Amino acid sequence: MSDTYLENIYLKNFRNLKEVNLDFSKNVNLITGNNANGKTNLLEAIYYSIYKKSFRKSTKDNLIFSNLDKEKYFILKSNFYKNGDEFNHSMKIEEDSKLVYVNNQKNKRFKEVKSISINPYDCHNFYANKKIRRELLDNFISDFDSAYKKSLANFSKALRSRNVLLAKFFGPEDHFQNQIKVYDKIISENVYYLLHKRFEFIEKLNPILCKTFKNIFREPLELKAHYESCFDKNSSKEDIFNFYQSGLSKDRILKTTKRGLHLDDLNLSINNNYCHEYASIGQQKVSFLSILFAYVGYLETTQKITPILLIDDISGELDSLCLDNLLKYLENKQIQVFITTANLEFASRINSIFGSKHYLVEQGLVTELEYESRRSSL
Ligand SMILES: Nc1ncnc2c1ncn2[C@@H]1O[C@H](COP(=O)(O)OP(=O)(O)OP(=O)(O)O)[C@@H](O)[C@H]1O
Ligand SMILES: [Mg+2]
């Protein structure tokens, strides 16, 4: 059984979920129901109770049940366990205020539990958008390394200031040059740190990634992640500073920083061919799932963290062998999983996993199905 899990959630007025109170399995939790009934909303509520933000690009106004005239708030109360310790986490979010309690203490940060959200949009966006790939890499590392997160924020702030200066400066030339040097110094310190952390992370992730791809999906192919940077792996702070300074004349003409760490990329390859150019749709999906599962393995082995998996609607495009292997992986993983599907065949396979629980979502109401009624509902 997983050492980190959500035991219970109570929620009120969260999107279309009026009032829900559920106890969960420590292992696999299946959430079924027809389209637009509230399955993803339930996953979102779990994610929100961990990160205090949504995995969708939405404002908090959209999160409050919209059909209510009087009650303009939502409530989330959750009970997590980690290595035997209990964490009660509750929040009430009104239209423009946020109150969060962890173990009954107001506004305490909740860092004990991590979660990974897996859904088809992220898979599509990963291959379509370089910025999303970069963000995934940054989110992976930031989620367990607060120094990385801080350095990334410092880098972004200095880069923004540099760009403002490039776009708007009208003073004496020596003032401009001196100010840019100040920013390039801050940028190079942080780039040096971030660059090494990114290379180090990908280096450690790759053996897990290759193994995950082969083990889960039984593919005799080599899947590899590549961190592609404009900087050499062994660049010194001075090299990085000189790189930004040497691009300055072009940056001045274009009024923004045109080269640098902010444009680096993360790519996946199968047998040394880029996935986005070479792999089938199914292989692309499997590769994307593999990098997320490899990250789970990375967290477990190097950080001693067991994240909770929130898997939304991923059965599309995967053949039955892939789905079976995926379920075998989840069953053996000793990790808490929430998995939604509107696909009854896939649901019946998940339903047969030992120790799993099954919830049916119908028009915003969620009911746990007992074992006997599970079979007849599928
Ligand atoms: N703030 C809100 N108040 C009321 N209803 C909302 C709110 N936000 C979203 N909804 C509605 O909640 C419904 C369920 O959405 P959800 O994404 O959870 O569906 P789903 O069960 O995951 O469906 P699918 O199988 O199509 O993915 C949608 O009809 C959506 O319009
Ligand atoms: Mg959904």
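Predicted model, so just to flag it, every value in this text is computed and none were measured.

Scoring rules and cut-offs
Residues numbered from 1 in each chain as written. Chains lettered and ligands numbered in written order. Predicted model: local features only at pLDDT ≥ 70, side-chain atom pairs only at ≥ 80, totals over all residues. Heavy atoms only, no water. Helix = DSSP H or I, 4+ residues; strand = E, 2+ residues; numbered from the N terminus. Rg over C-alpha atoms; globule rule 2.2 N^0.38 Å. Buried < 20%, exposed > 50% of the residue type's maximum accessible area, 1.4 Å probe, protein only. Pairing = 2+ DSSP bridges. Contact = heavy atoms within 4.5 Å. Axes fitted to C-alpha atoms, helices over the stretch in contact; angles between N-to-C directions. Near = heavy atom within 4 Å. Polar contact = N/O pair within 3.5 Å; in protein donor to acceptor, adjacent residues only side chain to side chain. Areas by Shrake-Rupley, 256 points an atom, 1.4 Å probe, with all protein chains shown as cover. Nonpolar A, V, L, I, M, F, W, Y, C, P; charged D, E, K, R; others polar. Salt bridge = Lys/Arg side-chain N within 4 Å of Asp/Glu carboxyl O. Domains from an automatic or database assignment. Buried area = accessible area lost by both parts, 1.4 Å probe. 1 Å grid on protein atoms, 1.4 Å probe; cavity = no way out; pocket = protein on both sides within 12 Å on 5 of 7 lines; lining within 4 Å. Points joined across faces, edges and corners; volume = space filled by probe spheres on them.

So, on to the overall build of the protein. Scanning the protein for helices and strands turns up 13 helices and 15 strands. In terms of overall size, the protein behaves like a compact globule, its C-alpha atoms giving a radius of gyration of 23 Å where 378 residues would be expected to give roughly 21 Å. Over its C-alpha atoms, taken along the principal directions, the protein stretches across nearly 75 × 55 × 35 Å. Of all 378 residues assigned to the protein, the portion counted as buried reaches 51%.

Another aspect to go through is the sheet that holds strand E11 (residues 273–274). Strand order across the open sheet formed by three strands is E9-E10-E11, with antiparallel pairing between neighbours. At either end of the open sheet lies a strand with only one pairing partner, and these are strand E9 (223–228) and E11. Of the strands in this sheet, E9 and strand E10 (265–270) touch helix H6 (residues 173–217), which is tilted by about 170° from E9.

By nearness alone, 15 residues border ligand 1, and Asn35, Ala36, Lys39, Thr40 and Asn62 come closest of all. A distance of 3.5 Å is found between an oxygen atom of ligand 1 and a side-chain nitrogen or oxygen belonging to Arg56. In the complex, the protein chains occlude 72% of the 660 Å² of accessible area that ligand 1 would expose alone. No other element matches helix H1 (residues 39–51), which puts three residues into the shell around ligand 1. Considered class by class, the residues forming the shell around ligand 1 number three nonpolar, nine polar and three charged.

Next up on the list: the sheet that holds strand E14 (residues 357–362). A sheet is described by the order of its strands in space; here six strands give the open sequence E8-E12-E13-E3-E14-E15, paired in mixed fashion. Two strands in the sheet have a free side with no partner beyond their single neighbour: strand E8 (115–118) and strand E15 (365–369). The sheet shows a mean angle of 20° between the axes of neighbouring strands, taken without regard to direction. Looking at chain direction, E8 and strand E12 (residues 308–312) are connected through four bridges and run parallel.

By the secondary structure assignment, Ser117 is in strand E8. Side-chain polar atoms of Ser117 contact the side chain of Asn119, separated by 3.5 Å. Ignoring sequence-local partners within four residues, the contact set of Ser117 consists of Tyr47, Phe55, Asp122, Leu292 and Leu310.

Summed over the entire model, instances satisfying the criterion amount to 20 salt bridges. Here Glu135 makes a salt bridge to Lys131, at a shortest N to O gap of 3.3 Å. Of this pair, Glu135 and Lys131 both sit in helix H4 (residues 130–142), separated by four residues, roughly a single helical turn. With a shortest N-O distance of 2.9 Å, Arg133 and Asp265 are connected by a salt bridge. Here Arg133, found in helix H4, pairs with Asp265, found in strand E10; they are 132 residues apart in sequence, far enough to count as distant. A single burial state applies to Arg133 and to Asp265, both of which are buried. One connected set of salt bridges, linked through shared partners, spans Arg15, Glu44 and Arg56.

Moving on: the domain arrangement of the protein. What the domain assignment reports for the protein is domain 1 (4–114 + 305–377) and domain 2 (125–276). For domain 1 and domain 2, the distance between their C-alpha centres works out to 33 Å. Every contact between the two is made by seven residues of domain 1 and, on the other side, five residues of domain 2. Each partner contributes to the roughly 650 Å² buried at the junction of domain 1 and domain 2, and carbon and sulfur atoms together form 61% of this total. It is Lys114, Asn325 and Tyr329 that lose the most area in domain 1 upon contact with domain 2, and together they represent 50% of the buried surface on that side. Scanning the region where domain 1 abuts domain 2 turns up one salt bridge. Of the charged contacts in the structure, one is a salt bridge between Lys114 and Asp143, with a shortest N-O distance of 3.8 Å. Along the contact surface separating domain 1 from domain 2 lie two residue pairs in polar contact (both at pLDDT 80 or more). In terms of residues, the side of domain 1 that touches domain 2 owes the most to one element, helix H11 (residues 320–332), which gives four residues. The class makeup of the residues in the side of domain 1 that touches domain 2 is five nonpolar, one polar and one charged.

Using the criterion set out here, one finds one cavity of 30 Å³ or more in the structure. Approximately 30 Å³ is the volume attributed to the largest cavity. Along the walls of the largest cavity sit Phe126, Tyr127, Arg133, Asn267, Leu268, Cys275 and His276, which together make up its complete lining. Elements with a contribution of two residues or more to the lining of the largest cavity: helix H3 (120–128), E10 and helix H9 (275–278). Classifying every residue of the lining of the largest cavity by side-chain character gives four nonpolar, two polar and one charged.

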